[in-house]
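# Commentary on secondary and tertiary structure
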Amino acid sequence: MGVLNRTPAPIDADRPAAADLLRVLAAWAVGAFHIWQQSWFSLGSDHWQRAGSIGVDLLVMLSAFCLFLPWANARQRSEPLPSCRPADFYRRRAARLLPAYYANLLASFLIALKRHGWSRALGLDLAAHLTLTQQLFPRSYIGTLLNGVTWTLTVFALFYLVFPLLAPLCAKHPLPTVGALCLVQAGYSQWALHQYGTGEYALLFNQFPAFCGVLAVGMAAALIFAELAHGSWTVRFAPRAACTALGVAAFVWLDRCMRLQAWAAEYQQFQLINRMPLALAAAAMLVGFGLGLTLPRPVRRVLSWLAALSYSFYLWHQMLAVFLKYDLHLPAWSSDTPPNQLGDTVWMQQAEALYWLAALAVSIAAYYLIEKPAARHFKKTAQKMHAEKAR
């Protein structure tokens, strides 16, 4: 991707810009879906808005790719595998995710308290969210009074829980490990599909076992990327350009998957059945662009910045749009029925713009006021602990 020249820039095997690109695309898709649900305003890519919830699948795959990439690179370079003491790994993951999440949870709780008042149900809901177990309880999952999008953190938390065991296993025995994960997803999905048409299915199709194959795809993509990124062919223009073309083809495939998902008659059933093709398309795009021609430095910087905002954006965009629409009635409306349901296209356009701008503004504020200061604090704390142990 990027400027065409006969001496392509070296591949960044440790942090490919393609990962930032996919992160931004996936977060945009989820945001487009949830904001469209409130505004009903079409951006011209209806299938990405209608099927944007699938961006969660892409984020799960990408998380596996990024976390496992150091292991894949070490394996390819014949270096010692990274140290992965569970306590250290969990501490780093908690420092990365929890400050922004708990700040968002506090805001969500205060809004829920204002709307509904205190109740035992709200207390239990809050307890589940505090412990990242909300997806394990129906009332805190599909019936939550808090921020509905945070169910994905249960999936990530369970993945992080097993990662210190999974990473060395996959580095040493990749095919059996990847195959076992795919079998877990296939078996679970077949069982869950038999529940389709019952109230239980909505609780099942996004549980952790239904993403195990997606995680396997991400780890396999990291292995393939590491294998190819260190070859001598990377200094030649033609094969790098061919990888870029493969990335474009994979994006076209991904776009087709999204289109099929958007217009599926049985949306949730189709999603579970086609989760793996979607993950494979996204992984092919990630590897193709990661091995392809590089983007200009200014573009990479912007992409890296947008990717850095994606976590806060994911946390805030939906609850903010709902709060603006129903609690503050913005853009202004006063009838009993929201203007989008009355076909008010001017209001729909204003709402779309307002909800996107508000989500981006709050995401930027949360990133610079919460995420970055927290990261600096925990980094200093870790350095002090390491220094004390070295004495």
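As the structure is a computational prediction, the values presented were derived from the model and not from experiment.

### Some remarks on the environment of glycine 52
- Position of glycine 52 relative to the elements: it lies in the loop between helix 2 (46-50) and helix 3 (55-76).
- Judged by relative accessible area, which is 0%, glycine 52 ranks as buried.
- It is 7.4 Å that separates the C-alpha atoms of glycine 52 and glycine 31, two residues lying 21 residues apart in sequence.
- Residue contacts for glycine 52: discarding those within four places in its chain leaves Ala29, Val30, Phe33, His47 and Met258.

### A word on the packing of helix 1 (residues 17-39) against helix 3
- Across the interface, helix 1 lies against helix 3 with an axial gap of 8 Å and an inter-helix angle of 155 degrees. As summarised for this structure, helix 1 and helix 3 are arranged roughly antiparallel, according to the angle between their axes. Crossing of helix 1 against helix 3: the hand is left-handed. Facing Ala19, Leu22, Arg23, Ala26 and Val30 of helix 1, the residues of helix 3 in contact are Gly55, Val56, Leu58, Leu59, Met61, Leu62 and Cys66.
- Residue composition of the contact of helix 1 with helix 3, by class: 10 nonpolar, one polar and one charged.

### A few points about the packing of aromatic side chains
- Applying the stated criterion across every chain yields a total of 18 aromatic pairs.
- Relative to tyrosine 160, the ring of phenylalanine 156 has its centre 6.2 Å away and its plane inclined at 25 degrees; by these criteria the two rings are stacked. Taken together, the residues span about one helical turn, with phenylalanine 156 and tyrosine 160 both in helix 7 (residues 152-172) at a distance of four residues.
- Residue tyrosine 160 is classed as buried on the basis of its relative accessible area of 9%.
- What links up through ring pairs into an aromatic cluster is the set Phe89, Tyr90, Phe156, Phe159, Tyr160 and Phe163.
- A cation over a ring is seen here: arginine 275 above phenylalanine 211, with NZ or CZ 4.1 Å from the ring centre.

### Considering a nonpolar patch on the surface
- On the surface, a cluster of nonpolar side chains totalling about 480 Å² of accessible area is made up of Val302, Trp305, Leu306, Tyr368 and Leu369.
- Elements with a contribution of two residues or more to the nonpolar patch: helix 14 (297-327) and helix 15 (345-390).
- Broken down by element, the residue count for the nonpolar patch peaks at three residues, all from helix 14.
- Among the structural elements, tyrosine 368 can be located in helix 15.

### With respect to a positive patch on the surface
- Where like charges cluster on the molecular surface, the positive patch consists of Lys372, Arg376, Lys380 and Lys384.
- Along the chain, arginine 376 turns up in helix 15.

### Thoughts on helix 14
- Along its 31 residues, helix 14 runs 42 Å from first to last C-alpha, staying within 8% of the 45 Å computed at 1.5 Å per residue.
- At serine 312, helix 14 shows its maximal bend, which comes to roughly 45 degrees.

### Notes on the side chain of serine 189
- By secondary structure assignment, the location of serine 189 is in helix 8 (residues 174-193).
- For serine 189, the side chain forms a polar contact with the main-chain oxygen of glutamine 185, separated by 2.7 Å.

### Here's the deal with the nonpolar core
- Leu22, Phe68, Phe159, Phe163 and Leu254 are the most contacted members of the largest nonpolar core, which has 91 residues in total.
- Looking at this core element by element, the count peaks at 13 residues for helix 3.
- Of all hydrophobic cores here, the second largest spans 15 residues; its members include Ala27, Leu324, Met348 and Trp356.

### Remarks on the environment of alanine 238
- With respect to the secondary-structure elements, alanine 238 resides in helix 11 (residues 237-262).
- Here alanine 238 falls in the exposed class, since its relative accessible area comes to 53%.

### Side note on the confidence of the model for the protein
- Overall, the prediction assigns the protein a mean pLDDT of 94, with 96% of residues at 70 or greater.
- Throughout residues 1-5 the model reports pLDDT below 50, and contacts reaching past four residues in sequence, or to other chains, amount to 16 contacts.

Conventions we followed
Going along each chain's sequence as written, the residues are numbered from 1 onward. Where totals are concerned, whole chains, interfaces and linings use all residues; where local detail is concerned, this predicted model gives features only for residues with pLDDT of at least 70, and gives and counts side-chain atom pairs only at 80 or more. Values reported for side chains reflect all heavy atoms of the structure, with hydrogen atoms and water molecules removed beforehand. Helix and strand definitions here come from DSSP, where helices need a minimum of 4 consecutive H or I residues and strands a minimum of 2 consecutive E residues; each element is numbered from the N-terminal end. Only protein chains enter the accessibility calculation, which uses a 1.4 Å probe; a residue is then buried when its area is under 20% of its type maximum, exposed when over 50%, and partly exposed in between. The criterion used for residue contact is that any of the two residues' heavy atoms lie within 4.5 Å. Helix axes are fitted only over the stretch in contact, all axes being lines through C-alpha atoms; the angle between N-to-C directions runs from 0 to 180 degrees. Throughout, the term roughly parallel applies to angles under 35 degrees, roughly antiparallel to angles over 145, roughly perpendicular to angles from 65 to 115, and oblique to all others. Left-handed describes a crossing whose near helix is turned anticlockwise from the far helix by less than a right angle; the clockwise case is right-handed. Following the grouping adopted for this structure description, the nonpolar residues are Ala, Val, Leu, Ile, Met, Phe, Trp, Tyr, Cys and Pro, the charged ones are Asp, Glu, Lys and Arg, and the polar ones are all others, Gly among them. Aromatic rings from Phe, Tyr and Trp, with only the six-membered ring used for Trp, were paired whenever their centres fell within 6.5 Å, and each pair was classed as stacked if the ring planes differed by under 30 degrees, edge-to-face if by over 60, and tilted otherwise. Comment: the charge-over-ring label is applied if NZ (Lys) or CZ (Arg) is within 6 Å of the ring centre and within 35 degrees of the ring normal. Patches were defined on residues exceeding 30% relative accessible area and lacking a salt bridge, with like-charge contacts within 9 Å and nonpolar side-chain contacts (Val, Leu, Ile, Met, Phe, Trp, Tyr) within 5 Å. Methods summary: accessible areas were calculated by the Shrake-Rupley approach with a probe of 1.4 Å, and residue burial reflects only the protein chains presented. Here, a salt bridge means any Lys or Arg side-chain nitrogen found within 4 Å of an Asp or Glu carboxyl oxygen. In summary, the charge assignment counts Lys and Arg as positive and Asp and Glu as negative, without counting His or the chain termini. For the purpose of locating charges, the reference atoms are NZ of Lys, CZ of Arg, CG of Asp and CD of Glu. For a helix, the expected span equals 1.5 Å multiplied by the residue count minus one. Bending is quantified residue by residue as the angle between axes fitted to the seven-residue window ending at that residue and the seven-residue window starting at it. The definition of a polar contact used here is a pair of N or O atoms within 3.5 Å, where within protein one atom must be able to donate a hydrogen and the other to accept one, and adjacent residues in sequence count solely through side-chain atom pairs. Side-chain atoms within 4.5 Å link the members of a nonpolar core, which is a set of buried Ala, Val, Leu, Ile, Met, Phe, Trp, Tyr and Cys residues. Known as pLDDT, the predictor's per-residue confidence is scaled from 0 to 100.

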